[in-house]
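Listed below are the residues making up each chain.
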Amino acid sequence: MSFFFLQHEYSKLCTASYSKSRVIILCYSVIDRQSFERITSFWIPEIRKNIRKSVPIVLTATHTDLRNDKSIKRCIKVVSSAEGKQLADSIGAKGFFEISRSEVIQTNGIFECAVRAVIGEKKTLFTILKKLFCRNKD
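Residues numbered from 1 in each chain as written. Predicted model: local features only at pLDDT ≥ 70, side-chain atom pairs only at ≥ 80, totals over all residues. Heavy atoms only, no water.

A.B. asks: Describe the pattern of salt bridges, with residues and values.
C.D. replies: Under the definition given, this model contains four salt bridges. In this structure, E46 and K49 form a salt bridge, with 4.0 Å as the shortest nitrogen-oxygen distance. Of this pair, E46 and K49 both sit in helix α2 (residues 33-50), three residues apart, which is roughly one turn of that helix. The exposure class of K49 is exposed, given its relative accessible area of 63%. For E98, the salt bridge goes to R67, with nearest N and O atoms at 2.9 Å. Here R67 lies in the loop between β2 (57-62) and α3 (70-75) and E98 lies in strand β3 (residues 95-98), a separation of 31 residues in the sequence. Members of the salt-bridge network, linked through shared partners, are R33, K77 and E83. (Salt bridge = Lys/Arg side-chain N within 4 Å of Asp/Glu carboxyl O. Helix = DSSP H or I, 4+ residues; strand = E, 2+ residues; numbered from the N terminus. Buried < 20%, exposed > 50% of the residue type's maximum accessible area, 1.4 Å probe, protein only.)

A.B. asks: Outline the nonpolar core, listing residues and values.
C.D. replies: When a protein is soluble and globular, its nonpolar side chains tend to lie buried together. Ranked by size, the top nonpolar core spans 18 residues in total, and within it I24, L26, Y28, I39, I47, I57 and L59 carry the most contacts. Listing elements by their share of this core, those giving two or more residues are β1 (24-29), α2, β2 and α4 (81-91). Apart from residues no more than four positions distant in its own chain, Y28 is found in contact with S35, F36, I39, L59, T60, A61, T62, V79, G84 and F96. Grouped together as the second largest cluster of nonpolar side chains are five residues, V58, I99, I110 and A114 included. (Core = buried A, V, L, I, M, F, W, Y, C linked by side-chain atoms within 4.5 Å. Contact = heavy atoms within 4.5 Å.)

Shown next as structure tokens:
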């Protein structure tokens, strides 16, 4: 009984936290097929139910540096890049990115895409936001 109550409270908390979101960044791990499948079985229906239909989505695959790890490939069927792109197309994502621990700089592209999805191609506002949030090392 208490587990159900906590699960219900957690669900309400999650819904409240993203109900006014202007962009959603959905992530899955390429070495966890269940996380990939939950994008369509859980997250997309959840987003469509609780957020306006037009909210832009950016899809991101994580742990891509482990995709070619032989010990992992022996145990599980990793999610391919083509599967990720196909999923992005099927959910109407504004962008699809693959990131790994070794290439952290790729995360800039994710946030740039998210900002562009919200404000469109308004270069002046985008330039201001980029200067605020993406500091160069120069």
